[in-house]
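Chain and residue survey
Listed below, chain by chain, are the residues.
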Amino acid sequence: MSAPYVAGPVDNQQSKESKLFTVPYTAVSITDGFLANYQQVNRTVSLAHGFNMLEKAGNFANLRIAAGLEEGKFCGYWFADSDVYKWLEAVGWELGRAADAELQAMADKAITLVEKAQQDDGYLDSYYQFALPGKHWTDLDHGHELYCAGHLIQAAVAWQRAVGNERLLAVTLRLVDHIYGLFGPGKREETCGHPEIEMALVELYRLTHNARHLELAQLFIDRRGTNKMRGHAGYGAVYQQDHLPVREAEEVVGHAVRQLYLTTGATDLYMETAENALLQAMHTLWDDMTQHKLYVTGGLGSRFDGESFGGPYELPSETGYCETCAAIASLMWNWRLLLITGERQYADLFEHTLYNGVLSSPGLEGASYLYVNPLQVQNGRYVRASVDTGTGESRLRPAWHNCACCPPNVMRTLSSLSHYLATGNAAGLQIHQFANAHLDLAMHNQSAKLAIETNYPWEGSIAITVQEGPAEPWQLALRLPRWCTQYAATLNGHAITPTLGENGYLLLERSWQPGDVLRLELHMEPLFLAPHPRIDAVRGCAALQRGPLIYCFESQDQPDGVELQDVQVMTEAALVDTAVSPFENMQLIEVSGQMSPIAWGDALYRPLTDIPPTDAMPVMLTAIPYFAWGNRGMKSMRVWLPLANSK
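What this report covers is the structure whose coordinates are included nearby. (Residues numbered from 1 in each chain as written. Predicted model: local features only at pLDDT ≥ 70, side-chain atom pairs only at ≥ 80, totals over all residues. Heavy atoms only, no water.)

**Digging into the overall build of the protein**
Of the regular secondary structure elements, the protein holds 14 helices and 23 strands. A compact globule built from 647 residues would reach a C-alpha radius of gyration of about 26 Å, and the protein, at 25 Å, matches this within 12%. Taking the principal axes of the C-alpha coordinates as reference, the protein spans close to 75 × 65 × 50 Å. Buried residues in the protein amount to 61% of all 647 residues. (Helix = DSSP H or I, 4+ residues; strand = E, 2+ residues; numbered from the N terminus. Rg over C-alpha atoms; globule rule 2.2 N^0.38 Å. Buried < 20%, exposed > 50% of the residue type's maximum accessible area, 1.4 Å probe, protein only.)

Here it is, written out as C-alpha cells:
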C-alpha cells in the first residue's frame, strides 16, 4: 500500500471468506453532489444537534451520575448509553475524514464521562450502576447491557481506526474482559435479548486479533435458539429470535432491528470461520426478507406492535413501521453479503434502502428525524413520525425521540458513507455506489487515483477518469443497477461493449492510462411499479420509481381541492419529469390522474348494488422523491395510489 492501511467500519482484509475487500477508510472521499450534501449537513449541523439533544435528554447526565460527578434520577430508556456511543462513533468517523476542533471538544467531553463512569472491575452501564444497583446481568432478555456494550465497541473501533485515539478502546477492552469472565467458555450459557454485540465483537477481533473476542461472538450466536427468552407480548421467544438456532431459521421474524443485527453478526462470523451452515442460513433469510417482507421503499418491519416483521406479504402502508434502524441494519447486512459474494443484488438493495428507507429519516435541514417511515399518512398524524404542537402550527418532524436510537444511527451511517462506495481484489477495483468522489488507493502495490463525476441520482451519466495507475492490466467493475434496462458505455469517447459478468457488474480490463475516461450512461426514466397480488393493502395500486428513487405524493404539491384519499392514477398517460421543485436541485414527476368526489353521505357501508355514481374529474398530480416528504410540515402523503380502473 502507498500508506498504512486504515480500515473503515468493516475490515475483511484478513477474513477467511470474501470475494471483495474493503479499501482504506480515507481512500474514497465523496467530493460534492447529492450524498456529499448529506455528509456536509451531518457534519456541520446534525452532530452538534445530537450532542445538544443528548445533554437535554439526560444521556450525559446518566453518565455523570454513574461517575459520581452529580446526583439525580436516571433519564430515558435503560439503554440510553447506547445513543451516546453511536454518536461518538459518528464523530469518530467524521474526524477521520477531516479534523474539527469543535467536534473534537464535544467528543472529548463525552469520552471523559465514559471513562469516569466505568467501574474498577470493567463494568459499564449507567442504568444498572445507579438506577438498579446490584442487578447487573440479571435480565439479559430485556436489560440491553450487552447491546450497549456492542455500541461502545463499535465507537472504540471507529476512534482507533479513524483518528488513532485509543481512549475508548481502553475502556472497551476492560469491559469485554469483564464480559468474557462472565460469559466465556464454561461460564453462563446466556446471550443478549437484543443482538448487536456479535458484529461488534467480530470487528473488535479484526482490530485486536485477540481470539477471545471472536470466540465470544460465536458463543453468543451459538447460544441463541433455546426458546427460553421471555419475548414481548404475545410474540414469545420469536421476538428475540430465540425460537430456533440461527443456522435452522428459515424466515426473518420478530423485532426487525434485532433480527437484522443478528444476521449481520452471523454473516461477520461466517467471514472469519467459513462455516457454510451460517452462510446458507443467511441466504435463506435474505430470500425470505426480499421475497415476502420488504417494502417498496426498502423499509422493514410491518407491525407497530413489537416493531416487528409480519407474515408474508403483510405490508400495510399506513400502519407500516419501517423503523429507520431496521433500514440501517439492512445496509450493514447487505454490505457484508456483498463482500462475501460479489453479487449485484446486495449492492442494489443497499442503494435502494439508502436512498429511500434511510434518507427518509433525517430532515433536509439536519436537525430532525423520523423514527418510523410509513408509506401513507393522513393529515400528518402518525405516532413517532410527527409532533403536534397543540398550537395549530404545522406538524413537524421530531427534533429527537424519547427512544432516540435512530438519529445517532443515521449520523454514524452518513459519517462513514464513503466506506461503502468501492472495494478491491486481485482482479482490480469495483464501484458499487455512484457519487462524485475521488479514489486514492493502491493497486498491484502501486498508486491508483480515479475521479468519479455524476449527477446521480437525478441523472444516470457516470464518468470515471483514471488519473494514475499501474501500467499492467487491471479490471474496473461497475455495478449495472437492476432498475436499469438500457445503458451505453464509452471509453475516451468511443462506444464500447463491456462484458456483463454473471454477478451483474460491467467488466472492463485493460492497461489503463492517465486521462482515460470511462463513461456509463444509465437510461433513467420514471415507471410504475405493481405490487405482488398477495399484498392485500395495496392491491389495485401503483407506485412510482425513477432510477433508484421511489416517489410519493404529498398534499402540498397537489392542486387546490385535491384530496389524496380520493385520487386514482392513470398509468396509460405519459409521465413527465420536471425540474420545477420546491426543493433545490430535485427532480419531480408529473402524473395524470383523476379525482372521484365521495358522494356516500353518512353511510360507512352500502350494498354493492347501491353505490352512488361519481363523476371523475382529471387532475395533474405531482410526485416528489419519498426521501423528501415531510420537510414542509406534515400533511397527507401516499406512495401507492389506486389505479383509475380499480377504484
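What follows continues from the structure just given.
**Re the environment of His142**
Within the secondary structure, His142 sits in the loop between helix H5 (126–131) and helix H6 (145–163). Along the sequence, His142 and Gln240 sit 98 residues apart, while their C-alpha atoms lie 9.4 Å from each other. Excluding residues that lie within four positions of it along the chain, His142 makes contacts with Trp78, Arg230, Gly231 and Gln240. (Contact = heavy atoms within 4.5 Å.)

**Concerning the pattern of salt bridges**
When the charged atoms of two side chains with opposite charge come close together, those side chains can pair. Evaluation of the coordinates by the stated rule reveals 33 salt bridges. With a shortest N-O distance of 2.6 Å, Arg97 and Glu94 are connected by a salt bridge. You can see Arg97 and its partner Glu94 sitting in helix H3 (residues 81–97), 3 residues apart, about one turn around the helix. For Arg97, a relative accessible area of 32% translates into the label partly exposed. Glu314 is the salt-bridge partner of Arg303, the closest N and O atoms lying 2.8 Å from each other. One end of the pair, Arg303, is in the loop between helix H11 (276–292) and helix H12 (324–341); the other, Glu314, is in the loop between H11 and H12, with 11 residues separating them in the sequence. Relative accessible area serves as the criterion here: at 30%, Arg303 is assigned to the partly exposed category. (Salt bridge = Lys/Arg side-chain N within 4 Å of Asp/Glu carboxyl O.)

**What to know about the side chain of Glu203**
Tracing the sequence through the fold places Glu203 in helix H8 (residues 197–208). Discounting residues that sit within four places of it in the chain, Glu203 has contacts with Pro9, Val10, Asp11, Val157 and Arg161.

**Describing unusual backbone geometry**
Note that the residue after Tyr456, namely Pro457, is joined by a cis bond; omega there is 5 degrees. Among the structural elements, Pro457 can be located in the loop between strand E7 (446–454) and strand E8 (461–468). Even without a glycine there, the phi angle at Trp137 is positive, about 60 degrees. Trp137 gets classed as buried once you look at its relative accessible area, which sits at 6%. Unlike most non-glycine residues, Asn227 shows phi in positive territory, near 65 degrees. With respect to the element layout, Asn227 can be found in the loop between helix H9 (211–222) and helix H10 (256–273). What makes Asn227 exposed here is its relative accessible area of 51%.

**Some points on the sheet that holds strand E14 (residues 517–522)**
The strand order E2-E6-E7-E8-E14-E10-E11 describes an open sheet built from 7 strands, whose pairing is antiparallel. Of all strands in the sheet, those with a lone pairing partner are strand E2 (28–30) and strand E11 (494–496), marking the two edges. Taking the axes of each pair of neighbouring strands and ignoring which way they run, one obtains an average angle of 20 degrees across the sheet. In the sheet, strand E10 (residues 487–491) pairs with E14 via 5 bridges, with the strands oriented antiparallel. Looking at E14, one finds that Leu491 is bridged to Leu518. (Pairing = 2+ DSSP bridges. Axes fitted to C-alpha atoms, helices over the stretch in contact; angles between N-to-C directions.)

**Section: H10**
In a regular helix each residue adds 1.5 Å, so 18 residues correspond to 26 Å; H10 covers 26 Å between its end C-alpha atoms and thus fits that length. With 17 of its 18 residues buried, H10 lies for the most part within the structure. Where H10 terminates, the next one or two residues include Ala274, which has phi positive at roughly 60 degrees. (Expected span 1.5 Å × (residues − 1).)

**Some points on the packing of aromatic side chains**
Scanning the model with the defined rule gives 30 aromatic pairs in all. Between Tyr321 and Tyr371, the aromatic rings sit 6.2 Å apart at their centres with planes inclined by 70 degrees, giving edge-to-face as the arrangement. Here Tyr371 lies in the loop between helix H13 (344–358) and strand E3 (376–377) and Tyr321 lies in the loop between H11 and H12, a separation of 50 residues in the sequence. Assessed through its relative accessible area of 1%, Tyr321 is described here as buried. Ring geometry for Phe350 against Tyr420: centres 5.3 Å apart, planes inclined by 35 degrees, an arrangement best described as tilted. Taken together, the residues span a long stretch of sequence, with Phe350 in helix H13 and Tyr420 in the loop between helix H14 (406–415) and strand E4 (422–424) at a distance of 70 residues. The exposure class assigned to Phe350 is buried, which follows from its relative accessible area of 3%. (Phe/Tyr/Trp six-rings, centres within 6.5 Å; stacked < 30°, edge-to-face > 60°.)

**Side note on the environment of Asp557**
On the secondary structure map, Asp557 appears in the loop between strand E17 (549–554) and strand E18 (567–569). Not counting chain neighbours up to four residues away, the residues in contact with Asp557 comprise Pro582, Thr622, Ile624 and Arg632. There is a polar contact of 2.8 Å between the side chain of Asp557 and the side chain of Arg632. (Polar contact = N/O pair within 3.5 Å; in protein donor to acceptor, adjacent residues only side chain to side chain.)

**Some details on the packing of H10 against H11**
For any two helices packed against each other, one specifies the inter-axial angle together with the distance between the axes. Between H10 and H11, the least distance of the axes is 9 Å, while the angle of their chain directions is 145 degrees. Considering only the axes of H10 and H11, their crossing is left-handed. For the pair formed by H10 and H11, the contact residues are Gln259, Leu260, Thr263, Ala266, Thr267, Leu269, Tyr270 and Thr273 on the first element and Asn276, Leu278, Leu279, Met282, Leu285 and Met289 on the second. Here the residues of the contact of H10 with H11 sort into 9 nonpolar, 5 polar and no charged. (Left-handed = near helix turned anticlockwise from the far one by under 90°. Nonpolar A, V, L, I, M, F, W, Y, C, P; charged D, E, K, R; others polar.)

**Some remarks on the pairing of E10**
As judged from the 3 bridges shared by E10 and E11, these two strands associate in the antiparallel manner. From the neighbouring strand, Ala489 faces E11, where its bridge partner is Ile496. Counted along the chain from E10 to the antiparallel partner E11, the turn is 2 residues long, and its residue Asn492 has a positive phi close to 55 degrees.

**A few points about the sheet that holds strand E12 (residues 499–500)**
What the 6 strands build is an open sheet, ordered E1-E4-E5-E9-E13-E12; its pairing is mixed. On the outer flanks of this sheet lie strand E1 (21–22) and E12, each paired with one strand and no other. For E4 and strand E5 (residues 428–431), the ladder comprises 3 bridges, and the chain directions are antiparallel. From the neighbouring strand, Gly424 faces E5, where its bridge partner is Leu429. Relative to E4, H12 is tilted by about 30 degrees, and along the sheet it contacts E1, E4 and strand E13 (505–510). Contacts between H13 and the sheet are confined to strand E9 (474–479) and E13, with E9 contributing the most and set at about 50 degrees to the helix.

Note that all results are geometric; they support no functional claim without further evidence.
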